[in-house]
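Structure assessment
Chain residues, written in single-letter form:
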Amino acid sequence: MRKNLLLIAVAGVAALVMYAGSDSSSPVKAQAGVALTGLVTSDEEGRMEGVVVTARREGSTISISAVTDDKGRYNFPVSKLPDGDYQLKIRAIGYELLGPSAIDVRSGVTADAAIKLRATKDLAAQLTNAEWLASMPGSDEQKKFLLSCNSCHSYQPIVNSTHDAGKFLQVFERMAGYYPGSTPLHPQRLVGTARRNLGGGAGSAMGGEGGMSSDPRAKAAAEWLATVNLSTGPTPDYRLTALPRPTGRATRVIVTEYDLPRKTIEPHDVIVDGDGMVWYSDFGALLLGKMDPKTGKVTEYPIPLIKEGFPVGTLDLEADRDGNLWVGLMYQGGVAKLDKRTGKVQTWSVPKEWQTDATQQSFASPTFSHIDGKVWVKNSDRAQILRLEPATNAWENFGTFTDPETKRTIGSYGINADHNNNLYLLDFNAAGIGILDGATKKLEILRTTIPNSRPRRGSVDAQNRLWFAEYDGNAVGMLDPKTKQIKEWPVPTPWSNPYDVVIDRNGEAWTGSMMSDRIVRLDTRTGRFTEYLLPNPTNIRRVWVDNSTNPVTFWVGSNHGASIVKLEPLD
């Protein structure tokens, strides 16, 4: 009898051990500094590297993500996960979460969640913009038409549509009348004769007086789009191409995402001030936002309406030497400054006699305004360069510049003041960088080696060099004003289409875009690239690096996701 009871007890203990070993979410002996760990596997691959695992505490607005290593293991530091019940999700192209979807995290114990994935039956729903362009049949020139669509939405509505060419032409006509900061949640129409450019830079605008139906370029684009959507059947008739998951250094990262209070907030530019506060411009509203990264608390500063009936939103966010924050007011026709000490907002309107329905102040550059008391301002309407003296409210109009070689208007996108408060102009129409002397008004043009690279935005480093993104060139560029030479580093992933570039204290350049949901890190000494996959679709614009941390910390806004993203590389 005793022998039988002993055997039963041993068998029961063995069963419990076996159950615990197979349990997908169980506490294990505390690992130093680790709050949550586990393996990610699938029947198709076994242990999986490069899977982004996200944990979000119940009731919190903050999500934390880690990435599995070459053994398929992820680790969340204790400092990132306070006690609580967490929801789990994953990002791995071609896969979906089978379980578990929740885990309990408690101090003193390392929680373990062995995550199981299964192959998805809907790969198309997971593709990024870059993956759609890599998948679609057609030439690069045909595909580049879509590079003007991602400002407002992803490519999913396009590829899932059933439009024929005629219907697409109607869509083009309608879309050209929307404010650039429009989204499906918050559309805004332009006023009067103002229209947006489709299919390229300002010099490549489609439509004109006869409308889209009379423009052969628009017709060709519409006919091509009708071959890549669902107009001929319920599924695409071409093979879908997915980018590989991260490996090696790209898995050594922690990503924190802070949800903003409303889904309609569009954090276009994000910067961090000397006090560690995170500031953002709202592309769809007359607001400046401040977020405390320790708590996620958001404070908003309203900007007065200065042009009744016109679209609202702010784009470029810059700081002057005194720490005041400046924003371009887009179709409101002016710029604004926030005094951080008092919370007071002051605005300056472009002179009325210079304004049209299309007047658009997307960029202002006050960074070196202390040199001569003047702030550079861009008017996208007619590609004009303006300069404001805030103390006297005096405006100068430098007019429109023409490239003497191409005879085309220099359609500057970003503008950056250099250390002498002269101006770099990034020609989004072609492949040039202009250097404008503020005193003589003389413009010198330097060109990228990559043709039609379309430089978009950039930043000036401590050596007065301009680092910039080549949107169509798919590259990172750097102009040294001393040598008048431009160096370029093509990004290895096709259709990355970088939007902006910033250099960190270690000489590494950082960029991202509206295309691949990846943050690109370039060691400019070795040419080595590292591409970090973000946990969610992220419409990336302005990029920022906080050099006060070790390693440096990267920040960006999710312009269509109403969130702010912090990326902390672990090396």
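Below is a short write-up of the structure. For clarity, every value in this text was computed on a predicted model and none was experimentally measured. (Residues numbered from 1 in each chain as written. Predicted model: local features only at pLDDT ≥ 70, side-chain atom pairs only at ≥ 80, totals over all residues. Heavy atoms only, no water.)

Our focus in this paragraph is unusual backbone geometry. Look at the link from Gly99 to Pro100: it is a cis peptide, with omega at -5 degrees. Backbone geometry at Met330 places phi at a positive 55 degrees, although glycine is not the residue there. Tracing the backbone through its elements, the reader meets Met330 in the loop between β18 (325–328) and β19 (334–338). Taking relative accessible area as the criterion, Met330 reaches 1% and is therefore assigned buried. (Helix = DSSP H or I, 4+ residues; strand = E, 2+ residues; numbered from the N terminus. Buried < 20%, exposed > 50% of the residue type's maximum accessible area, 1.4 Å probe, protein only.)

With that settled, the discussion passes to the sheet that holds strand β35 (residues 518–523). One open sheet holds the four strands; their spatial order is β33-β34-β35-β36, and the pairing between them is antiparallel. In this open sheet, the two edge strands, each paired with only one partner strand, are β33 (500–503) and β36 (528–533). Going from strand to strand, the sheet's axes swing by 20 degrees on average, the running direction of each strand aside. With four bridges joining them, β33 and strand β34 (residues 508–512) adopt antiparallel strand pairing. Its bridge partner lying in β34, Val501 is registered against Thr511. (Pairing = 2+ DSSP bridges. Axes fitted to C-alpha atoms, helices over the stretch in contact; angles between N-to-C directions.)

Turning our attention to the side chain of Ser513. Within the secondary structure layout, Ser513 lies in the loop between β34 and β35. Judged by its relative accessible area of 1%, Ser513 falls in the buried class. Polar side-chain contacts of Ser513 include one of 2.4 Å to the backbone oxygen of Ser496. (Polar contact = N/O pair within 3.5 Å; in protein donor to acceptor, adjacent residues only side chain to side chain.)

Next up on the list: the environment of Ala165. Within the element layout of this structure, Ala165 appears in helix α5 (residues 165–175). For Ala165 and Ala226, which are 61 residues apart along the polypeptide, the C-alpha to C-alpha distance reads 5.6 Å. The contacts of Ala165, once residues within four sequence positions are left out, are Ala222, Glu223 and Ala226. (Contact = heavy atoms within 4.5 Å.)

This paragraph deals with the pairing of strand β23 (residues 384–389). Taking burial as the measure, the six residues of β23 include five buried ones, the bulk of the element. Bridge analysis of strand β22 (residues 375–379) against β23 gives five bridges, and the strand direction is antiparallel. From the neighbouring strand, Lys378 faces β23, where its bridge partner is Ile385. The antiparallel hairpin formed by β22 and β23 contains four residues in its connecting segment, where Arg382 sits at a positive phi of about 65 degrees. In the sheet, β23 pairs with strand β24 (residues 394–400) via six bridges, with the strands oriented antiparallel. When the sheet's bridge partners are listed, Leu388 is paired in β24 with Trp395. Between β23 and β24, which pair antiparallel and follow one another directly, the connecting turn spans four residues, one of which, Asn393, has a positive phi of 60 degrees.

Moving on to the pattern of salt bridges. Under the counting rule described, the total for this entry stands at 35 salt bridges. Arg245 is paired through a salt bridge with Glu45; the nearest N and O atoms lie 2.9 Å apart. Of this pair, Arg245 sits in the loop between α6 (216–225) and β12 (253–259) while Glu45 sits in the loop between β2 (34–42) and β3 (46–47), and the two are 200 residues apart along the sequence. The partner of Arg91 in a salt bridge is Asp517, and the shortest N-O contact between them spans 2.6 Å. Of the two residues, Arg91 is situated in strand β7 (residues 84–91) and Asp517 in the loop between β34 and β35; the sequence distance between them amounts to 426 residues. Just as Arg91 is buried, Asp517 falls in that class too. (Salt bridge = Lys/Arg side-chain N within 4 Å of Asp/Glu carboxyl O.)

Another aspect to go through is the environment of Pro244. Structurally, the position occupied by Pro244 is in the loop between α6 and β12. Here Pro244 falls in the exposed class, since its relative accessible area comes to 63%. Once the C-alpha coordinates of Pro244 and Pro302 are considered, the two residues, 58 residues apart in sequence, prove to be 43 Å apart.

Among the residues making up α5, those that are buried are Phe168, Leu169, Val171 and Phe172. Along the axis of α5, the buried residues cluster in a sector spanning 160 degrees; they form a single face. Structurally, α5 contributes buried residues whose contacts are with α4 (156–159) and α6. A distance of 3.2 Å separates the backbone nitrogen of Gly166 from a side-chain oxygen at the start of α5, and that oxygen is part of Asp164. (Arc of directions from axis to C-beta.)

With antiparallel pairing, the four strands of this open sheet are ordered in space as β21-β22-β23-β24. Bordering the open sheet on either side are β21 (363–365) and β24, each of which pairs with just one other strand. Each strand of the sheet is rotated relative to its neighbour by a mean of 20 degrees, with strand direction disregarded.

To describe a pair of aromatic rings, you give the distance between the ring centres and the angle between the ring planes. Overall, the coordinates contain 16 aromatic pairs when judged by the stated rule. Measuring from ring centre to ring centre gives 4.9 Å for Phe145 and Phe172, while their planes differ by 50 degrees; the resulting arrangement is tilted. Pair noted here: Phe145 is in the loop between α3 (140–143) and α4 and Phe172 is in helix α5, with a separation of 27 residues, a long-range link. Of the two residues examined, Phe145 and Phe172, each falls in the buried class. Between Tyr179 and Phe283 the ring centres are 5.7 Å apart and the planes differ by 50 degrees, which places this aromatic pair in the tilted class. Taken together, the residues span a long stretch of sequence, with Tyr179 in the loop between α5 and α6 and Phe283 in the loop between β14 (278–282) and β15 (287–291) at a distance of 104 residues. The burial state of Tyr179 is the same as that of Phe283; both residues are buried. Of the aromatic side chains, those joined through ring pairs into one cluster are Phe363, Tyr413, Phe428, Tyr471 and Tyr499. One residue, Lys441, lies across the ring of Phe398, its end atom 4.9 Å from the ring centre. The ring of Tyr471 carries Arg456 above its face, with NZ or CZ at 4.6 Å from the centroid. (Phe/Tyr/Trp six-rings, centres within 6.5 Å; stacked < 30°, edge-to-face > 60°. Lys NZ or Arg CZ within 6 Å of the ring centre and 35° of its normal.)

This part takes up the pairing of strand β13 (residues 267–272). Regular strands place their side chains on alternate faces of the sheet. Judged by how many residues are buried, β13 sits mostly within the fold: six of six residues are covered. Taken together, the four bridges between β13 and β14 define a ladder with antiparallel strand orientation. Bridge assignment links Ile271 to a residue of β14, and that residue is Trp279.

This next bit is on a positive patch on the surface. Taken together, the side chains of Lys167, Arg174, Arg189 and Arg195 define a basic patch exposed on the protein surface. Structurally, Arg174 can be placed in helix α5. (Patch = residues over 30% accessible without salt bridge, like charges linked within 9 Å, V, L, I, M, F, W, Y side chains within 5 Å. Areas by Shrake-Rupley, 256 points an atom, 1.4 Å probe, with all protein chains shown as cover. Lys, Arg positive; Asp, Glu negative; His and termini not counted. Charge placed at Lys NZ, Arg CZ, Asp CG, Glu CD.)

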